[in-house]
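Coordinate inspection notes
Listed below are the residues making up each chain.
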Amino acid sequence: QVQLVESGGGLVQAGGSLRLSCAAAGSIFIINRMGWYRQAPGKQRELVAHITSGGSTNYADSVKGRFTISRDNAKNTVYLQMNSLKPEDTAVYYCNAEVVATGRGYFYDYWGQGTQVTVSS
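Below is a short write-up of the structure. (Residues numbered from 1 in each chain as written. Predicted model: local features only at pLDDT ≥ 70, side-chain atom pairs only at ≥ 80, totals over all residues. Heavy atoms only, no water.)

1. Considering the state of the cysteines
Applying the stated criterion across every chain yields a total of one disulfide. Two residues, Cys22 and Cys95, share a disulfide whose sulfurs are 2.0 Å apart. As the torsion about the S-S bond is roughly -80 degrees, the Cys22-Cys95 disulfide counts as left-handed. Of the two residues, Cys22 is situated in strand β3 (residues 18-26) and Cys95 in strand β9 (residues 91-101); the sequence distance between them amounts to 73 residues. One exposure class covers both Cys22 and Cys95, and it is buried. (Disulfide = S-S within 2.5 Å. Helix = DSSP H or I, 4+ residues; strand = E, 2+ residues; numbered from the N terminus. Buried < 20%, exposed > 50% of the residue type's maximum accessible area, 1.4 Å probe, protein only.)

Written out as structure tokens, the structure is:
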């Protein structure tokens, strides 16, 4: 009914940059918060950043000053610009969106399939 499709992951050297994109598609009525989470091997999934429909943002302390989240409401797309990448940023990155699907009266959390980001030292 609602799908999140991510792109932009890959392999980069420490200090490099990557840009992730996530487009929401399907029977969408409203999207509230959109964001990115990540999960490294052997660790729990953690919030990286999220952004509300009004543009308010929140970042994990570990990425503040290096990552920037943005969104295009007309395209139902959220972006994550990652600069000054470190080996500890290596993880699978998941897109998340809080969506009211058409015909439903409540928000529901949807997740993308994940995209691998690997930062070599």
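Once you've had a look at it, read on.
2. Overview of the environment of Leu20
Summarising the element assignment, Leu20 is placed in strand β3. Taking the relative accessible area as the measure of exposure, Leu20 reaches 0% and is therefore buried. Excluding anything up to four places from it in sequence, Leu20 contacts Ser7, Gly8, Gly9, Trp36, Val78, Tyr79, Leu80, Met82, Tyr93, Thr115 and Val117. (Contact = heavy atoms within 4.5 Å.)

3. Some words on the pattern of salt bridges
Where side chains of opposite charge bring their charged atoms close, a pairing between them can arise. Enumeration according to the criterion identifies five salt bridges in this entry. When the shortest N-O distance is used, the salt bridge between Arg38 and Asp89 registers 3.0 Å. Of the two residues, Arg38 sits in strand β4 (residues 28-39) while Asp89 sits in the loop between β8 (77-82) and β9, which places them 51 residues apart along the sequence. Assigned by exposure class, Arg38 and Asp89 land together as buried. The partner of Lys64 in a salt bridge is Asp61, and the shortest N-O contact between them spans 3.1 Å. Judged by relative accessible area, Lys64 falls into the partly exposed class, the value being 49%. Counted as one network, the salt bridges with shared partners bring together Arg38, Glu46, Arg66 and Asp89. (Salt bridge = Lys/Arg side-chain N within 4 Å of Asp/Glu carboxyl O.)

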